Amino acid sequence: MDKDYVYYKYSNFLKTHYHLKVYKLPVNLPVSCPNRRDGQGCTFCAEDGTGFEAMSADKSVTEQLTKTREYIQKRYKAQKFIAYFQNYTNTFLPLKQLKSYMDEAAKIPDIVEIAISTRPDCIREDYLDMMADFSDKYGIGINIELGLQTANYHTLESIRRGHGLAEYLDAALRIKRRGFLLCTHVILNLPGDMLEDVIETSKILSVMNNDLVKIHSLYIAKETEMARLYESGQLDICSKEDYFLRLRMFLEYLSPNIAVERLFSRIPEKDALFSNWQTSWWKLLDEFCAYMEEEKSFQGKKCDYMNGAALKTLF
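A few points on the structure. Quick caveat: nothing in here was measured; it's all calculated off a predicted structure.

### Considerations on the pairing of strand S4 (residues 141-149)
- Buried residues dominate S4, accounting for eight of its nine residues.
- Here strand S3 (residues 111-118) pairs with S4 via six bridges, running parallel. Bridge assignment links Thr118 to a residue of S4, and that residue is Leu146.
- For the handedness criterion, the β-α-β arrangement of S3, helix H6 (residues 125-138) and S4 is classed as right-handed.
- Bridge count for S4 against strand S5 (residues 181-187) is six bridges, and the pairing is parallel. The residue bridging Glu145 from the neighbouring strand is Cys183, located in S5.

This is the structure we're talking about:
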């Protein structure tokens, strides 16, 4: 089955948005997370965060972008690039310091967008003011990526996210009022979440008018609280078949206007106790698309719940 039919691919979004071949260049900044300041952080988060694909934060923004840009340009013939501030909570930096890193990235040739990974409880108006001024000055787009993970606030508490659903709604509204791109990260098979939670998360992302979503399958990174629970037999991970069902239902309720960056997590094998049922993500993608064809399913199939859905029964 054509993957373009199953879901709205991020690559197609970029072609539509920029009319050129565009690739993300990951950047690690010397930043941590407010959730780690007063505790151990989220139960799934490793000590090094999630910046597996990027260079060390010891390297300057210029060096990271220049070297990665050279590699990506040669391998994929990319024409334009997105500087992706990837790891931890990038708006947890002092405002002036974050601005200086953004200014540095803007000086790299062919950068058309800054993507900033952060948390819902680290979005504030003065930071958004700075980003708006930056965008106007350089003509570079802003994409803010919020780590929500799930709309189930009970699960958010159990995995020690340090914020609830309300903080996400507040941040998303503020970002969209600025006209910035909004991307939300979700994990579809967190312990405690049921299929109903997956569907509700999809509906909330659609109602909040996200531009993008990045979907993750739960992996167990070494040296984490989840790793300890997993090794002691206190944590069960759903089957591949159950994840496929959750992913299908998430996509069916997701607005067809939201581009999907990924469907499965990616982590180096050496860093994980469990990841993707010991199967490569691209094989899972092929399996999932075949499954969607069997089910005659596609993104947005059940996205009929907005704009006074009950009034449709009136004639």
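There's more to say after this.
### Focus on the nonpolar core
- Ranked by internal contacts, the top residues of the largest apolar core, which has 85 residues, are Phe85, Ile114, Ile215 and Leu251.
- Those residues in contact with Ile215 that lie beyond four places of it in its chain are Val186, Leu188, Tyr243, Leu247, Phe250, Leu251, Val260, Arg262, Leu263 and Phe264.

### Points about the pattern of salt bridges
- On inspection of all chains with the given rule, the structure shows 23 salt bridges.
- Asp126 is the salt-bridge partner of Arg124, the closest N and O atoms lying 2.8 Å from each other.
- Three or more residues joined by partner-sharing salt bridges are found here, namely Glu125, Asp129, Asp170, Arg174 and Arg178.

### Considering the sheet that holds S4
- Reading across the sheet, the seven strands line up as S1-S2-S3-S4-S5-S6-S8 and stay open at both edges, with parallel pairing between neighbours. If you trace the sheet from one side to the other, it starts and ends with strand S1 (22-27) and strand S8 (259-262), each paired once. This sheet shows a mean twist of 25 degrees between the axes of neighbouring strands, independent of strand direction.
- Sheet topology note: the S5/strand S6 (residues 212-216) ladder contains five bridges and is parallel. Paired with His185 across the bridge in S6 is Lys214.
- Strand contacts of helix H4 (residues 61-76): S1 and strand S2 (80-85), with the helix running at about 145 degrees to S1, the strand carrying the most contacts.
- Helix H8 (residues 165-177) rests against S4 and S5 of the sheet, and its axis sits at about 170 degrees to S4.

About the cut-offs
Residues numbered from 1 in each chain as written. Predicted model: local features only at pLDDT ≥ 70, side-chain atom pairs only at ≥ 80, totals over all residues. Heavy atoms only, no water. Buried < 20%, exposed > 50% of the residue type's maximum accessible area, 1.4 Å probe, protein only. Helix = DSSP H or I, 4+ residues; strand = E, 2+ residues; numbered from the N terminus. Pairing = 2+ DSSP bridges. Right-handed = clockwise from strand over helix to strand, strands pointing away. Core = buried A, V, L, I, M, F, W, Y, C linked by side-chain atoms within 4.5 Å. Contact = heavy atoms within 4.5 Å. Salt bridge = Lys/Arg side-chain N within 4 Å of Asp/Glu carboxyl O. Axes fitted to C-alpha atoms, helices over the stretch in contact; angles between N-to-C directions.

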